[in-house]
Amino acid sequence: MDILILGNLLSFAGCLLMVGVGFLRKKERILAVQCVQFGLMGTANLVLGAFSGFVSNMVGIGRNLAFSRWKANLPMKLIFIAVQTLLSVKGLAAGPIEWLPVLAAAIYTWCLDTKSEIRLKIVIITAQVMWLVYDLYYSNFVAALFDVLTIFSNAAGIFLVKKGK
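Residues numbered from 1 in each chain as written. Predicted model: local features only at pLDDT ≥ 70, side-chain atom pairs only at ≥ 80, totals over all residues. Heavy atoms only, no water.

**Q** Teacher, can you tell me more about the environment of L10 here?
**A** Looking at the element boundaries, L10 is found in helix 1 (residues 3–21). Along the primary structure L10 and V89 are separated by 79 residues, whereas in three dimensions their C-alpha atoms are 25 Å apart. In this structure, L10 is in contact with L40, T43, A44 and V47, ignoring residues within four places of it in sequence. (Helix = DSSP H or I, 4+ residues; strand = E, 2+ residues; numbered from the N terminus. Contact = heavy atoms within 4.5 Å.)

As structure tokens, then:
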């Protein structure tokens with residue numbers, strides 16, 4: 001099977017979960033579903049040669065598991081951001097595009113302790129814009145399409161949260 005097709009098929013499975021996350025309202029549920037999504041998307045990135053994307057997704061699983069069990073604090077945030085950056089060093093040498101997953105993960109990690117579902121969704125939208133550029137660069141066309149859908153689903157999720165209050 002062609003690498004491009006395999007990577008995009010794996011992305012498709014992860015992307016279905018990614019869009020669904022936009023409609024979830026509870027932080028704990030968001031983090032749990034994202035772990036499965038990250039596993040699929042990380043594997044797709046590895047297949048497509050997007051090393052920093054792979055690292056970002058794998059570190060994201062550990063981060064979400066840790067933050068769903070323990071209250072996020074400054075040392076935990078800094079550790080996960082540092083691990084993400086250190087493990088991505090190989091990819092970062094490949095060029096500036098490799099910084100996008102690192103920056104997206106750092107922003108997301110920094111804001112994971114927010115109590116506001118709306119603020120979390122705004123952070124997801126911001127990070128997803130970075131992933132959109134990265135996915136297009138690595139020909140992860142399925143993920144790029146779903147990045148756009150995730151941006152819109154999180155915007156809809158913000159509306160639903162506001163409407164429910």
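**Q** It is not clear to me how the side chain of Q84 should be interpreted in this structure. Could you clarify?
**A** Relative to the helices and strands, Q84 resides in helix 4 (residues 74–87). What Q84 contacts, discounting residues up to four positions off in sequence, is S52, V55, S56, V59, P101, V102 and A105.

**Q** Sorry if this is basic, but what is going on with the pattern of salt bridges here?
**A** Should the charged atoms of two oppositely charged side chains come close, the side chains can pair. Inspection of the entire model under this criterion finds 1 salt bridge. Residue D113 pairs with K77 through a salt bridge whose shortest N-O separation is 2.9 Å. With D113 in the loop between helix 6 (99–111) and helix 7 (117–137) and K77 in helix 4, this residue pair connects regions lying 36 residues apart in the sequence. Judged by relative accessible area, which is 30%, D113 ranks as partly exposed. (Salt bridge = Lys/Arg side-chain N within 4 Å of Asp/Glu carboxyl O. Buried < 20%, exposed > 50% of the residue type's maximum accessible area, 1.4 Å probe, protein only.)

**Q** Just to check I follow, could you spell out a nonpolar patch on the surface for this structure?
**A** Together, M1, I5, L6 and L9 line one region of the surface with nonpolar side chains, adding up to about 420 Å² of accessible area. With respect to the element layout, M1 can be found in the segment before helix 1. Since its relative accessible area comes to 74%, M1 is described here as exposed. (Patch = residues over 30% accessible without salt bridge, like charges linked within 9 Å, V, L, I, M, F, W, Y side chains within 5 Å. Areas by Shrake-Rupley, 256 points an atom, 1.4 Å probe, with all protein chains shown as cover.)

**Q** Before we go on, may I ask you to explain unusual backbone geometry in this structure?
**A** When glycine is set aside, most residues are seen to have a negative phi, and most peptide bonds are trans. Residues other than glycine seldom take positive phi values, yet S139 does so here, at roughly 60°. The topology assignment puts S139 in the loop between helix 7 and helix 8 (141–164).

**Q** Looking at this model, I keep getting lost on helix 1. Mind explaining?
**A** Side chains of residues three or four places apart in an α-helix project in the same direction, reflecting 3.6 residues per turn. Spanning 19 residues, helix 1 covers 27 Å between terminal C-alpha atoms, matching the ideal 27 Å at 1.5 Å per step. Buried within helix 1 are the following residues: G7, N8, S11, G14, C15, M18, V19 and V21. Looking at the packing, one finds that the buried side of helix 1 touches helix 2 (27–48), helix 7 and helix 8. For helix 1, the N-terminal capping position is held by D2, with its side-chain oxygen 2.9 Å away from the main-chain nitrogen of L4. (Expected span 1.5 Å × (residues − 1). Polar contact = N/O pair within 3.5 Å; in protein donor to acceptor, adjacent residues only side chain to side chain.)

This is a description of form; function is not addressed.
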